[in-house]
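Descriptive analysis of the structure
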2 protein chains.
Amino acid sequence: MQCPIIVTIDVVLLTLTPSGMQVALQRRVKEPFAGVSALPGGYVRPELDANTHETAVRVLRAKTGIASAHLEQLVSESSPDRDPRGWSLSVVYLALVPLDKLMAQGSKGLELCSADALPALAFDHAQLIAKALERLRNKAAYSTLPLGLMPDTFTLAQLQKTYEQVMGVTLNKSTFRARMAPLILEPGQAAPAHPALYPTGDMQDGVHRPARLFRKSMVLNIFESPLK
Amino acid sequence: MQCPIIVTIDVVLLTLTPSGMQVALQRRVKEPFAGVSALPGGYVRPELDANTHETAVRVLRAKTGIASAHLEQLVSESSPDRDPRGWSLSVVYLALVPLDKLMAQGSKGLELCSADALPALAFDHAQLIAKALERLRNKAAYSTLPLGLMPDTFTLAQLQKTYEQVMGVTLNKSTFRARMAPLILEPGQAAPAHPALYPTGDMQDGVHRPARLFRKSMVLNIFESPLK
């Protein structure tokens, strides 16, 4: 009775490069849309996956080699037309990966494309990317979601730059630092309710004043008012 | 290949009563969980539904008689265990209906239960309700989502009361009015970018000073900073 429904996941995998936000795409080998760029995705397999989040993790690993990323459910899309094979439902995930981690995987056939200049894409994938970018932009103002794009260690100036690129605005430095301050777990300090930034104890070398290097813990939804 | 997946929708239908937020439940007639209270829900039927949103509209109408409600996708839940019939995926919707509209439908076997004192529920429906309430509370601070709970006409004082009940806080009257002011389309005024409140021209009778009555247009995501 339920057989006609094709159930898949798709992952909008975003990373931030010096030239801006990029989406990871792969050329499809098989029909439909053979040879056309598409998001990494695949069938939900009940015999393998405990839920669709696990499907996304499994597919990401198999198709891109990426074993860890910030991964959150974005939306489910369904229609009789989005997949020429039949009535299909896709649970769409947003994944954020720092560029160094993505590069470390080797390419596995991934192409990074600027989110502003996408090629023709298979299925409804252009719309899914637009939704993912909107979610990231909106949520950045209220959360530490942009941490998902940061490398292992980073300075507060680098983090601010990432927020600015994601949100498409310029942020005031002291406002930004005041907002991040409660998230920093200083050495010897009792852990705050939600630490998100750990000082590594190292400093960044550079032409300017040395800056403290931080590690991230996790993405949080904690801001009581938006950043901007 | 995809056949083992059961694909359903569930609707967390919320309404606001004088005694607080209530969830619409129905006793299940069939197994599994026969006789147990559950959210209105049903199978996605590709031959009838152009997408899962349409499934939610169809199921709401058939099972509750409700033909219009604010309806938005909440999340998709999946697991091998949530439904004893097999591996299942449910696209969960949040529906908001004003109490007078819900009452006008006749009961259709709906029971309204206080969100704070739910009975034992079928499947994972208690968790789905918790997620819906969290979404409504969080989104209220940034949007006009609580308008979905208002009757056809209402005063700003009544709207503020609804925001307060949804958010669980007391709001400052002048702050609230300043926030709503740009959403009001005064007669003769050029339409703002996003009108949400139309003065009816009528006043509410009452023991206190007469107050203007408004109609709503739609739920908006527009606040640049949270209400509280």
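Model, not experiment: these values are computed from the prediction.

Parameters at a glance
- Residues numbered from 1 in each chain as written.
- Chains lettered and ligands numbered in written order.
- Predicted model: local features only at pLDDT ≥ 70, side-chain atom pairs only at ≥ 80, totals over all residues.
- Heavy atoms only, no water.
- Helix = DSSP H or I, 4+ residues; strand = E, 2+ residues; numbered from the N terminus.
- Rg over C-alpha atoms; globule rule 2.2 N^0.38 Å.
- Buried < 20%, exposed > 50% of the residue type's maximum accessible area, 1.4 Å probe, protein only.
- Contact = heavy atoms within 4.5 Å.
- Areas by Shrake-Rupley, 256 points an atom, 1.4 Å probe, with all protein chains shown as cover.
- Lys, Arg positive; Asp, Glu negative; His and termini not counted.
- Charge placed at Lys NZ, Arg CZ, Asp CG, Glu CD.
- Pairing = 2+ DSSP bridges.
- Domains from an automatic or database assignment.
- Buried area = accessible area lost by both parts, 1.4 Å probe.
- Salt bridge = Lys/Arg side-chain N within 4 Å of Asp/Glu carboxyl O.
- Polar contact = N/O pair within 3.5 Å; in protein donor to acceptor, adjacent residues only side chain to side chain.
- Axes fitted to C-alpha atoms, helices over the stretch in contact; angles between N-to-C directions.
- Parallel < 35°, antiparallel > 145°, perpendicular 65-115°, else oblique.
- Left-handed = near helix turned anticlockwise from the far one by under 90°.
- Nonpolar A, V, L, I, M, F, W, Y, C, P; charged D, E, K, R; others polar.
- Expected span 1.5 Å × (residues − 1).
- Phe/Tyr/Trp six-rings, centres within 6.5 Å; stacked < 30°, edge-to-face > 60°.

Regarding the overall build of chain A
A tally of regular secondary structure across chain A gives five helices and nine strands. Helices and strands in chain A line up, N terminus first, as β-β-β-β-α-β-β-α-β-α-α-α-β-β. Relative to the compact-globule value of 17 Å for 228 residues, chain A shows a C-alpha radius of gyration of 19 Å, a close match. Seen along its three principal axes, the alpha-carbon backbone of chain A occupies a region of about 60 × 35 × 30 Å. Relative to its full complement of 228 residues, chain A shows a buried share of 50%. Once local pairs closer than 6 in sequence are excluded, the contacts in chain A between residues at least 24 apart make up 64%. A total of about 10,700 Å² of accessible surface is found on chain A, and carbon and sulfur atoms cover 53% of it. On chain A, the mean spot of the 24 positive side-chain charges and the mean spot of the 20 negative ones are 3 Å from each other.

Brief notes about the pairing of strand β6 (residues 88-96) of chain A
All names here are of chain A. The buried count for β6 comes to nine of nine residues, which makes it a mostly enclosed element. Here β6 shows two buried faces, one formed by S88, S90, V92, L94 and L96 and the other by L89, V91, Y93 and A95. The sheet contact formed by strand β1 (residues 6-17) and β6 spans nine bridges and is parallel. In the strand pairing of β6, D10 is matched with V92. The pairing of strand β5 (residues 70-79) with β6 spans nine bridges and is antiparallel. The residue of β6 that forms the bridge with E77 is S90.

Notes on the domain arrangement of chain A
Residue and element names in this part refer to chain A. Each assigned domain of chain A is listed here: domain 1 (6-139) and domain 2 (145-216). The C-alpha-based centres of domain 1 and domain 2 are spaced at 28 Å. Contact with domain 1, which involves 17 residues of that partner, is made by eleven residues of domain 2. Roughly 1,100 Å² of surface becomes buried between domain 1 and domain 2 when both sides are summed, with 72% attributable to carbon and sulfur atoms. Among the residues of domain 1 in contact with domain 2, L16, P98 and R137 are the three that bury the most area, contributing 42% of the side total. There are zero salt bridges connecting domain 1 and domain 2. Summed over the shared surface of domain 1 and domain 2, the number is zero residue pairs in polar contact (both at pLDDT 80 or more).

Some words on the packing of helix α3 (residues 125-140) of chain A against helix α4 (residues 156-167) of chain A
Residues and elements named next belong to chain A. Interhelical geometry of α3 versus α4 gives an angle of 130° and a closest axis separation of 8 Å. Classed by the angle they form, the pair α3 and α4 counts as oblique. Helix-helix and strand crossings are classified by hand; for α3 and α4 the assignment is left-handed. Facing L136, R137 and A140 of α3, the residues of α4 in contact are Y163, V166 and M167. Of the residues contributing to the contact of α3 with α4, the split by class is five nonpolar, no polar and one charged.

Some thoughts on α4(A)
Residue and element names in this part refer to chain A. The terminal C-alpha atoms of α4, which comprises twelve residues, lie 16 Å apart, in line with the 16 Å expected from a rise of 1.5 Å per residue. When we look at burial in α4, the residues that qualify are L156, L159, Q160, T162, Y163, E164, V166 and M167. In this structure, the buried residues of α4 make contact with β1, β2 (20-27), α3, α5 (173-180), β8 (197-204) and β9 (211-216).

Here's the deal with unusual backbone geometry
All names here are of chain A. Residue P32 follows E31 across a cis peptide bond; omega there is -5°. With respect to the helices and strands, the residue P32 is situated in the loop between β2 and β3 (37-38). Look at F123: it is not a glycine, yet its phi comes out positive at around 50°. With respect to the secondary-structure elements, F123 resides in the loop between β7 (110-114) and α3.

Comments concerning the environment of G86(A)
Residues and elements named next belong to chain A. Along the polypeptide, G86 turns up in the loop between β5 and β6. Measuring from C-alpha to C-alpha, the distance between G86 and I5 comes to 7.2 Å, with 81 residues separating the pair along the chain. Setting aside anything within four residues of it in sequence, one finds G86 in contact with I6, S79 and P80.

Brief notes about the packing of aromatic side chains
All names here are of chain A. Within the structure shown, the criterion is met by five aromatic pairs over all chains. Both rings, one in Y163 and one in F176, keep their centres 5.3 Å apart while their planes meet at 65°; by these two values the pair is edge-to-face. With a gap of 13 residues between them, Y163 in helix α4 and F176 in helix α5 connect regions that are remote in the sequence.

What about the pattern of salt bridges?
Within this structure, the stated rule accounts for 19 salt bridges over all chains. Between R212(A) and E186(A) there is a salt bridge whose closest N-O contact spans 2.6 Å. Of this pair, R212(A) sits in strand β9 while E186(A) sits in the loop between α5 and β8, placing them 26 residues apart in sequence. For E186(A), a relative accessible area of 27% corresponds to the partly exposed category. Across the pair R85(B) and D83(B) runs a salt bridge, and its minimum N-O distance is 2.7 Å. Overall, the relative accessible area of 39% leaves R85(B) in the partly exposed class. You can call D83(B) buried: its relative accessible area is 4%. Each of the salt bridges in this network shares a partner with another, and the network as a whole consists of D10(A), R82(A) and D124(A).

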